[in-house]
4 protein chains.
Amino acid sequence: MSDAPKKVVLAYSGGLDTSIILKWLQTEYGCEVVTFTADLGQGEELEPARQKAELLGIAPENIHIEDLREEFVRDFVFPMFRANAVYEGEYLLGTSIARPLISKRLVEIAKASGADAVAHGATGKGNDQVRFELSAYALDPSIKVIAPWREWDLTSRTKLIEFAEQNQIPIAKDKRGEAPFSVDANLLHTSSEGKALENPAEEAPDYVYQRTVSPEEAPDTPEYIEVTFERGDATAINGQAMSPATILTQLNEYGRKHGIGRLDFVENRFVGMKSRGIYETPGGTILLAAHRGIEQITLDSGAGHLKDSLMPRYAELIYNGFWFSPEREMLQALIDKSQEHVTGTVRLKLYKGSVNTVGRWSDHSLYSEKHVTFEEDAGAYDQKDAAGFIKLNALRLKLIGNRNARVK
Amino acid sequence: MSDAPKKVVLAYSGGLDTSIILKWLQTEYGCEVVTFTADLGQGEELEPARQKAELLGIAPENIHIEDLREEFVRDFVFPMFRANAVYEGEYLLGTSIARPLISKRLVEIAKASGADAVAHGATGKGNDQVRFELSAYALDPSIKVIAPWREWDLTSRTKLIEFAEQNQIPIAKDKRGEAPFSVDANLLHTSSEGKALENPAEEAPDYVYQRTVSPEEAPDTPEYIEVTFERGDATAINGQAMSPATILTQLNEYGRKHGIGRLDFVENRFVGMKSRGIYETPGGTILLAAHRGIEQITLDSGAGHLKDSLMPRYAELIYNGFWFSPEREMLQALIDKSQEHVTGTVRLKLYKGSVNTVGRWSDHSLYSEKHVTFEEDAGAYDQKDAAGFIKLNALRLKLIGNRNARVK
Amino acid sequence: MSDAPKKVVLAYSGGLDTSIILKWLQTEYGCEVVTFTADLGQGEELEPARQKAELLGIAPENIHIEDLREEFVRDFVFPMFRANAVYEGEYLLGTSIARPLISKRLVEIAKASGADAVAHGATGKGNDQVRFELSAYALDPSIKVIAPWREWDLTSRTKLIEFAEQNQIPIAKDKRGEAPFSVDANLLHTSSEGKALENPAEEAPDYVYQRTVSPEEAPDTPEYIEVTFERGDATAINGQAMSPATILTQLNEYGRKHGIGRLDFVENRFVGMKSRGIYETPGGTILLAAHRGIEQITLDSGAGHLKDSLMPRYAELIYNGFWFSPEREMLQALIDKSQEHVTGTVRLKLYKGSVNTVGRWSDHSLYSEKHVTFEEDAGAYDQKDAAGFIKLNALRLKLIGNRNARVK
Amino acid sequence: MSDAPKKVVLAYSGGLDTSIILKWLQTEYGCEVVTFTADLGQGEELEPARQKAELLGIAPENIHIEDLREEFVRDFVFPMFRANAVYEGEYLLGTSIARPLISKRLVEIAKASGADAVAHGATGKGNDQVRFELSAYALDPSIKVIAPWREWDLTSRTKLIEFAEQNQIPIAKDKRGEAPFSVDANLLHTSSEGKALENPAEEAPDYVYQRTVSPEEAPDTPEYIEVTFERGDATAINGQAMSPATILTQLNEYGRKHGIGRLDFVENRFVGMKSRGIYETPGGTILLAAHRGIEQITLDSGAGHLKDSLMPRYAELIYNGFWFSPEREMLQALIDKSQEHVTGTVRLKLYKGSVNTVGRWSDHSLYSEKHVTFEEDAGAYDQKDAAGFIKLNALRLKLIGNRNARVK
C-alpha cells in the first residue's frame, strides 16, 4: 500500500484507548509512531504517558510532552471570549476550542520530525474528528490524517480489550468494563456524554459532575470578586495581575467552590445528529459574565450589536472545526478591532451556582451620568431633539400606514 | 393654535404624574381628555384611577379601564419568547414589549371616541417615548402625539408639586419628595432605574428589588417544575393547562419564591446614551430557559442557527420601538414558521436564583438515540461517511493552504 | 446484496449518458427501472425519450413523461425571484432551482410505483448530486439514491462507448467524440461548463452561447417593455396577463433577441472547488431587474434592507441543495411576507445586452412626491426635525469621540 | 446669543448657494468665516472660488483650497470597493462616500484655525446633512454645526435671489431661474435629482446625463481592458501602474466612452422618504465588475460568503453617514483581512453600456483545474468522498422527514 503512512504523529493521552491506537498503527501500517501529549489543563500528570509510550516501544526522541496551557488560554480561549461566543445559546465551546491547538502542534511536530501523517483518537460520530482534521488539512494540505476509529474493526469493548491483551498493553482494572459515560477535560471545561447520559429526558446523576460542587453544597454566603480587563482580555483578579492560564485556573477554583458553570444540554453536532452533554465550565462562566459586564460600559451600541449579530456564526465556526479558516480570521479581526477600549474592572457576586455582575467601572467608560441623569443635566441633552428623532424614524411607518389604508 | 389637539386620549395610571399631565392638557390646550388605564399585570388596582379621573373632571364615558393581561401575554410576550429574544445578551425586554399594546389601545380608543391625539407620560430621555410614538404613528399616521415632558416647563419636582397644588390635584404623602428611583412594572417584569441607581459601579441596594426574594433568602431545597409547550407557546405547568396570562403569573410566583430573574444591567438606549437598570423578570427567565430547553430537542440545527443569528436584530427592533414595522413582522413570520414542531415538555430545577433545564421530551423530538449512541447502532450511521464529509469540507482549506504556501 | 435496490426511478433524458445508466442499473443490480422524463423547458422534445426507453426494455407503465414547466416557474422560480436571489453576486441559480423539483417527482413516482430507489446522472464532482440527493432524502428519508457516476468504473469516454456498444444502446454520431463542454438547460437558463471552458483566463468562444444573440448582433434600437407584478410575482407583459411559464418564455424571447443575460463566471461549488461556467439567463435577467424596480417603490427600507441582508444566505441554501430544509422555508416565509404589496408595473429598456429600469408605478407605492419634493411641501416634512434626528444619532459618536480623546 | 458661533469653516463651492450662505453666516451671526473648497474630481476649476471668497470679504489666510483626489480614492473609494458595496442592490454610493472626507477636512481646518463651528449647504430633507454632521461630531464632539437651509427663512428661489442682490453677491445669468434638477459630482460619480426627475414613472430625459454618452451613441465595437489588483485595490490598467485617482480617472474615461454606469433609481433615504436619482458612475461600475472578477478566483467561498452577507449592512452604514463609527471600522477590518490575496488581473469587455468579465488570472488563484476538470484528475479528488459528504449533510433532513411523517 504505497499510500500507507511511514511515520505518524499520534495525539497520545497515555490512556488505554490511545495506547491501543498506538499499537494498531504500528501493526496495521508498520509505521514509526511519534507521540504527542499535551497539558491543556486536563488535570492529569503527563509523565506516566512518557513511560507508557516507552513501554510500547517509542524511541525517546519520538516522545513529545508539552505544557500548552498558556498558549491555549492566550491564543485560543481569550480570543474566543472576546466574542462572548456561545454555541446554540448556551455551550461555551470548551472542547471545540482545544482541538485546533492540538492539531497545530501535531502538524508542527510532523514537519519537524519528518512524519507524513497524524492520528487522533476521536470517533466517527462526533465533532472532534472534524475539528482535528480540518485544522490539520488547513495547516498542511499534504498531511495524511489517520482516524483509527473510522477504520478498524475493534468495534466493541470486548474486541478492544482482546487487542490490548494480545499486544501486552497494560489495562487498568477500572478500564476493563465500560465507562458509564465519556469524559473530555481541559483548562476551560469538562464534558461528559454518552451511555448513561443518552436519555435527555432524565436528569443527569450528581456523580457525573467532576469539577464543581453542586449549588446545594456551595457556601451559604456569597463571595465577591473583581476581574480586570485590558483590551478585552482578563488580566487581574482582585487587583492582582496574572498570566492568562493562571487567571483561568483561579476562576475555575472560584467557580468550583460556588457550583458555577454546570450545563445540561442537547446540541446539534456538525455531523448531523443531536447529542446530550453535561458541561462544567466554572471559570469560563465567570469570565463570560465579567467580559459582558465590562463591555456594557466600554462598548458602543453600534459595535456591540454588530458583534452580537455575528457571534452565533463565529461560535458555529469554532464548533464545526473551522478555527483555521479565512472567515474565522475575518471575524476575529472584526472582534479584536472592537476590543480596543474594553478595559476596566467588573465586580461579580458568586453564589450557589450563579454569577452576577453587580458593578463595573473604567477609564474607558462610555456611560455618561451627565446625559442619562433624571436630575437637571445642565444642557447635556436637549429633550426636544427627541421629537425630531422620533418624527423621522416614524416617517416611513406613516407612509406604510397611509399606503395600507389606501389599498386594502 | 389651529394645530392644537381637540380631544386627547391619555395613558393614565391614576398616579400623581399622569394626573398632572391630565390637568396640564386641559389647561394648556383647552382640550377634552379621555383616560385609558390598562391592567397589564403591574399589580395595582385600577378602580382608584377611575375615581381620580372623575375627580379631575373626566366624564364617565371618557374613562376607559381595561384588563389586557391575556392579550398582552398571548399576542406580545409569547410571540417574543418564540424568538428567545434578549437585548444585548441579557435583558428580556419587559418594558419594551408592553408599549406597543398600550399604543394600540390608545389609537383604537381615539378612533372610537373621535379623538385627534394621544398623550403619554414618558420623558424625553428614554426609549418609551419612541416606542409609544412609533407604534401610534404606524397604526394611525394622522394621529397627533403629545409628550408633555418634552413640552412643558415643569422641569423640577418643586414645580410639579406647585402645579398640582394650584390645580387641586391630591398628592399622596409619599409623593411629595423625590422617589429614590423610577419603577415600571407589568406581568413580565419590574424595572428600576435612575437616581440612586445611576452609578453603575455600585451594587444596587437590596430594597430596590420588589418582585423577587433574594437568592440568599430563597428556599434551601430545589423545586422541580415541568412546562409544556405547543408550537412554541407554553400551555401547561406540571401537566395542568392554563391560559397564557395564568401561566406567566404562575411562573412569576415560582420565580419570586426562588429569587430567579434579577438582572443588574447597563444598556444602550435607542436615543444614544447608556443607562443602568435593575430588572426583575421572574417568570420570564424561567420561560426562556424552558423554551430553549424544548427547542433543544425539537428544532433542527438549520432552523435554530438561523433563528439565533436573527434574534439580536429582532430584539433590537422591539427595544427600539419597531414592533409595528414590516421588518418585525417579517422576522415574526420566519420565527413562527420555525415553531411548528416546538411541542413537548421541559423539566426545570429552580434553586436560589438559578433555573436549569434537567430534562426534556417530546413526540416531536429530533433527538435520535439510535444515531448518537456509543453502543452498536445497527447501521443507523456509517462512520465511514464522516471521512468523505471531512474531506470535502477540507478541500477549500487545503486549496488555501497550498496557495498561501505558494505565494508567501 | 440484500441492500441492492429492487426498483429504481431514473431521471432519464433519453440521451446517451442516461441510457447507459439505465442499462447499467439493469445489469448491475438486476432491478426494474422506471424512467422519468420532465419538460422543464430545456427545449427538447420528450417523445423520443419514450421510444428509447421502450427500446431499452422499459415497460410502458414504467415510463413517465411530464410537462412541469408551470409548476417549475410558479413554485420554484417565482418564489426564488421574490428574494432577488443571486449566488456570489451574479449567478441566477438556473440549474440549482430545477433540481429539487425533479427530486420531488422522482420520490413521488417511487412512492406511487412501489420503487425503493431513485437514480440520477450527476457526477461526483458537482453540485447537482448534492441537490438531487438532499431533496430526495428530505422528502423520503428511507429512499435509496443511486449515483452511478460515483459507483461504476466507466471512467472514460472510451469505456462508456464500449459499454453502450456492448449493450446495443444506439449512439448518435455526434456523441461518439467528447463534447467540447457540458450543457444544462431549462426554462430559466442554459449553463455550459467544463473542458474547453476550464481556463478562466480565456474568453469563452462565441459558439458556446446557445440561447442569446451576442450584444453586437442585437438590434440597433432599444425596445421597451412593461412587466406587471402582483404580490411579488410577474403576471403580465405589456398589459397582457399570462401564466408563469408563459411569462418566462416571453421574457426569454425578449432577452434572446437583445443579447441579455450572458454571464462568464467562476463560482465556489458546495463540494469545495471553484469552477467556471457560462450562463445564459435571458428572461431571468429581465425579471430580476423588473422585480427590483417594482420593489423600489413598494417596499419599505426596513423590509428591503432585511431582505437584502438575508438574500446571500437564501441563495446559498438553494445553490447548496437545501430547498427542502426548514431554514429555506423559514426564509421563504419572511420573504413572502415582504411581498404583500409588491404590486405594480415596471418599464424596462432592452438594448444590446443591457436591461434598465426607466419607470415604475403602483397603487401600492410608498414614494411620496409630497415629502421628497424640492418645491414647497405644504408642511409634509418639517426640516427642523432633521436637527433632532441627527443630534440623537450623533450622541453615541460624540461620547466615543470624548472617550477616545480622554484615554488615548 | 452666547451660543452663537464665533468662527465658522464653511464648505464653499464658489457657487451662488454657498456664497449666499457665506454672507448669511456673516450677517446672521456676525462671525468670521473660513472657506474650504476641495477638488474631489467634480470637474470644476477651484480658483474662481478663491476670487469669489475674496470678493465677499474673506481674508486670504481664511481661504483653503485643496486637491483631495488622491486621498479621496485611496482612503475612501478604494476601501469601500474592497467590500463590493452597493446600496439597495444597485447604487454605488458616489455621494455618500465623499461627505466624510469633506467633514474631516472641515474639522481639521477648524482645529487649526481656532474655529468653533463648521457649516454646510445641504438641505434638511436629504442624507447629506446627516453624513456631514455625523462625521463632524464623531471627529470633534464639541464642534458646532450650522446648517443654514434648516435655519433660515430663504425658503424660495425668489427670496434667495433677493438676498443675493441685497448683499452684492454676483448672480450668473443662468442661476436666476430654477435649475431643472440638482446635481452633485465627484471623481466617483455624478448624481441628478429633484424637480424634473421627481416622477419615478417617467423616463429621465437624455439631457440629464452629463458624464457618459448614451449606449446608443457608444462605439459599435467592443473594447477590452485589463485591470490589475493588489490586495483588493486596483493598481494598473493594461499593465500600466497608476495612482488611485489616476486609475479612477482613466476608468471614468473608458466608462464615459462606452455609456457605462448609468442608473435610474428609487432609493430609501435615511431620513425616511423615498427619492429618485439618476446616477452616472462610469469608472466605478467598471471597477466593481473588475473587483468581483478578481475575487472570483482569489477569494475562498467562506470568506466571500461572509463578505457578501455583511455588505448590505456596510453599504447602509456609509449611506447613512456612519463612516466614522466603530461598526464601520470593525467591518472594514474584516473586509481588509479578506483582501490579503485579492491580487491579480481581470480582462473586461466594454460595449454599449455593459461591462463584462471575460477572463481573470492570478498567482494567488484558488481555482484548481486539477480538481474541477472533467478529464481524469489523477486522484486530486475522490468522487466517493461526495457520498459521505451528502449522507452527513442529509442526516438532519432525514431526521426531520421521519419526525414530520410521525407526528403529522
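Residues numbered from 1 in each chain as written. Chains lettered and ligands numbered in written order. Predicted model: local features only at pLDDT ≥ 70, side-chain atom pairs only at ≥ 80, totals over all residues. Heavy atoms only, no water.

**Points about the overall build of chain A**
The condition that has to hold: Helical segments are the DSSP runs of H or I of at least four residues, strand segments are the runs of E of at least two, and each set is numbered from the N terminus. Any residue under 20% of the maximum accessible area for its type is buried, any over 50% is exposed, and the rest in between are partly exposed; the area is computed with a 1.4 Å probe on protein chains only. Should any heavy atoms of two residues lie within 4.5 Å, those residues are counted as being in contact. To be clear on the numbers: accessible area is Shrake-Rupley with a 1.4 Å probe, and residue cover counts the displayed protein chains and nothing else. In this charge count, Lys and Arg are treated as positive and Asp and Glu as negative; neither His nor the chain ends contribute. We put the charge of a Lys on NZ, of an Arg on CZ, of an Asp on CG and of a Glu on CD.
Tallying secondary structure elements over chain A gives 13 helices and 14 strands in all. Each principal axis of the C-alpha atoms in chain A carries an extent, and together these give about 85 × 60 × 45 Å. Across the 408 residues in chain A, those meeting the buried criterion constitute 66%. Taking as baseline every contact in chain A between residues at least 6 positions apart, the subset at least 24 positions apart corresponds to 73%. As displayed, chain A has an accessible area near 14300 Å², and 47% of this comes from carbon and sulfur atoms. For chain A, the distance from the average position of its 47 positive side-chain charges to the average position of its 60 negative side-chain charges is 5 Å.

**Observations regarding the relation of the copies chain A and chain B**
Rules: When the copies are overlaid, the least-squares fit takes in C-alpha atoms only where the residue has pLDDT of at least 70 in both copies.
Taken as rigid bodies, chain A and chain B are interconverted by a rotation of 180 degrees and an axial shift of 0.0 Å, the fit giving an RMSD of 0.0 Å. In symmetry terms, the pair is related by a two-fold rotation axis. Mapped onto chain B, 100% of the interface residues of chain A are again interface residues, and the two copies thus contact each other with one and the same surface.

**Digging into the interface of chain A and chain B**
Applied cut-off: Salt bridge, as used here: a side-chain nitrogen of Lys or Arg that lies within 4 Å of a carboxyl oxygen of Asp or Glu. Whenever two N or O atoms come within 3.5 Å, that pair is a polar contact, provided that in protein one can donate a hydrogen and the other can accept it, and provided that, for residues adjacent in sequence, both atoms are side-chain atoms.
In this assembly, 97 residues from chain A lie in contact with 97 residues from chain B. Lys349(A) is paired through a salt bridge with Glu216(B); the nearest N and O atoms lie 2.9 Å apart. Applying the counting rule to chain A against chain B returns 43 residue pairs in polar contact (both at pLDDT 80 or more). Of all the elements, helix H13 (residues 383-407) of chain A adds the most residues to the side of chain A that touches chain B, at 15 residues.

**Some points on the packing of helix H10 (residues 301-320) of chain B against helix H11 (residues 326-338) of chain C**
Convention followed: Angles here are taken between N-to-C directions and fall from 0 to 180 degrees, while the axes themselves are lines fitted to C-alpha atoms, restricted in helices to the stretch in contact. Our angle categories are set so that under 35 degrees counts as roughly parallel, over 145 as roughly antiparallel, 65 to 115 as roughly perpendicular, and the remainder as oblique. Put simply, Ala, Val, Leu, Ile, Met, Phe, Trp, Tyr, Cys and Pro go in the nonpolar bin, Asp, Glu, Lys and Arg in the charged bin, and everything else, Gly too, in the polar bin.
In the contact formed by H10(B) and H11(C), the axes pass within 7 Å of each other and the chain directions differ by 45 degrees. Here H10(B) lies oblique to H11(C), going by the angle between them. Residues Gly302(B), Ala303(B), Leu306(B) and Lys307(B) of H10(B) touch H11(C), and the partners they reach there are Pro326(C), Glu327(C), Met330(C) and Leu331(C). Classifying every residue of the contact of H10(B) with H11(C) gives five nonpolar, one polar and two charged.

**What to know about unusual backbone geometry**
The phi dihedral of Glu88(B) is positive, around 50 degrees, even though this residue is not glycine. Mapped onto the secondary structure, Glu88(B) falls in the loop between helix H3 (69-82) and helix H4 (99-113). The class of Glu88(B) is buried, set by a relative accessible area of 15%. Phi is positive for Leu93(D), close to 70 degrees, though the residue is something other than glycine. Mapping Leu93(D) onto the fold places it in the loop between helix H3 (69-82) and helix H4 (99-113).

**Concerning the side chain of Asp128(D)**
All names here are of chain D. Looking at the element boundaries, Asp-128 is found in helix H5 (residues 128-139). Only 3.1 Å separates the side chain of Asp-128 from the side chain of Arg-99, close enough to count as a polar contact. Sequence-distant contacts of Asp-128, that is, excluding residues within four places in its chain, are made with Thr-95, Arg-99 and Ala-122.

**Points about the UniProt feature "binding site: L-aspartate" (unreviewed entry) in chain A**
All names here are of chain A. Put simply, the rule reads: UniProt positions are given in the numbering used here, feature names are shortened, and annotations may be inferred rather than shown by experiment.
Under the UniProt annotation, the feature "binding site: L-aspartate" (unreviewed entry) is placed at Thr-123, Asn-127 and Asp-128. With respect to the helices and strands, Asn-127 occurs in the loop between strand E4 (117-119) and helix H5 (128-139). On the accessibility criterion, Asn-127 (7% relative accessible area) is buried. Since its relative accessible area comes to 17%, Asp-128 is described here as buried.

**Here we look at the environment of Pro244(B)**
Examined against the element boundaries, Pro244(B) turns out to sit in helix H8 (residues 244-258). Sequence separation between Pro244(B) and Arg74(B) is 170 residues, and the spatial gap between their C-alpha atoms is 5.8 Å.

**Focus on the domain arrangement of chain A**
All names here are of chain A. Condition: For the domains described, the bounds stem from an automatic or database domain assignment.
The domain architecture assigned to chain A consists of domain 1 (7-72 + 84-178) and domain 2 (183-299 + 341-361). For domain 1 versus domain 2, the distance between C-alpha centres works out to 27 Å. Between domain 1 and domain 2, the contact holds 24 residues from the first and 29 residues from the second. Remark: the boundary between domain 1 and domain 2 carries one salt bridge. Measuring nitrogen to oxygen at the nearest pair gives 3.1 Å for the salt bridge that ties Asp-184 to Arg-99. The tally of links from domain 1 across to domain 2 stands at 13 residue pairs in polar contact (both at pLDDT 80 or more). For the side of domain 1 that touches domain 2, the secondary structure elements donating two or more residues are helix H3 (69-82) and H5. Split into classes, the residues belonging to the side of domain 1 that touches domain 2 amount to nine nonpolar, eight polar and seven charged.

**Topic: the interface of chain D and chain B**
Counted only if it meets this: As a working definition, buried area equals the accessible area (1.4 Å probe) given up by two parts on being put together, with both sides summed.
Opposite the 27 residues of chain D that make contact, chain B presents 27 residues. The contact between chain D and chain B buries some 2500 Å² in all, and 63% of this surface belongs to carbon and sulfur atoms. There are two salt bridges connecting chain D and chain B. Here Asp300(B) ties to Arg396(D) by a salt bridge, and the two come within 2.6 Å at their closest N and O atoms. Along the contact surface separating chain D from chain B lie 12 residue pairs in polar contact (both at pLDDT 80 or more). Counting residues per element, the side of chain D that touches chain B draws most heavily on helix H13 (residues 383-407) of chain D, at 15 residues. For the side of chain D that touches chain B, the residue count by class is nine nonpolar, 11 polar and seven charged.

**Considering the relation of the copies chain D and chain B**
Take chain D, turn it by 180 degrees, move it 0.0 Å along the axis, and it overlays chain B with an RMSD of 0.0 Å. Comparing interface residues between copies, 100% of those in chain D also sit at the interface in chain B, which points to an isologous, same-surface contact.

**Regarding the UniProt feature "binding site: L-citrulline" (unreviewed entry) in chain A**
UniProt tags Tyr91(A), Ser96(A), Asn127(A), Arg131(A), Ser182(A), Ser191(A), Glu267(A) and Tyr279(A) as "binding site: L-citrulline" (unreviewed entry). Classification of Ser182(A) by relative accessible area gives partly exposed; the value is 28%. Those residues in contact with Ser182(A), other than ones at most four positions away along the chain, are Ser191(A), Ser192(A), Glu193(A) and Phe374(B). The contacts of Ser191(A), once residues within four sequence positions are left out, are Thr95(A), Ser182(A), Val183(A), Asp184(A), Ile278(A) and Tyr279(A).

**Focus: the packing of aromatic side chains**
For the record, the criterion: Each aromatic pair joins two rings of Phe, Tyr and Trp (for Trp, the six-membered one) with centres within 6.5 Å, and gets the label stacked for planes under 30 degrees apart, edge-to-face for over 60, and tilted for any other angle. Think of it as a cone above the ring: NZ of Lys or CZ of Arg counts as a charge over the ring if it is within 6 Å of the ring centre and within 35 degrees of the ring normal.
With the rule as written, the count across this model stands at 42 aromatic pairs over all chains. For the pair Trp24(D) and Tyr29(D), a centre-to-centre distance of 5.7 Å together with 85 degrees between the ring planes defines the contact as edge-to-face. Per residue, the accessibility class of Trp24(D) equals that of Tyr29(D), and both read buried. Three or more aromatic residues joined by ring pairs form one cluster here, namely Phe270(A), Phe322(A), Phe389(B), Phe270(C), Phe322(C) and Phe389(D). Arg131(B) extends its terminal NZ or CZ atom over the ring of Tyr319(B), reaching a point 4.8 Å from the ring centre. One residue, Arg262(C), lies across the ring of Tyr209(C), its end atom 3.9 Å from the ring centre.

**Considering the sheet that holds strand E6 (residues 182-185) of chain B**
Residue and element names in this part refer to chain B. Applicable threshold: A pair of strands counts as paired when DSSP detects no fewer than two bridges linking them.
Spatial strand order, E6-E7-E12-E11: four strands in an open sheet with antiparallel pairing. The sheet is open, and its two edges are formed by E6 and strand E11 (262-268), each paired on a single side. On average, each strand axis in the sheet is inclined to that of its neighbour by 25 degrees, with strand direction left out of account. Two strands pair when backbone bridges link them, and strand E7 (residues 190-193) and strand E12 (residues 274-280) are joined in this way by four bridges, in the antiparallel orientation. Bridge pairing in E12 links Thr-190 to Glu-280.

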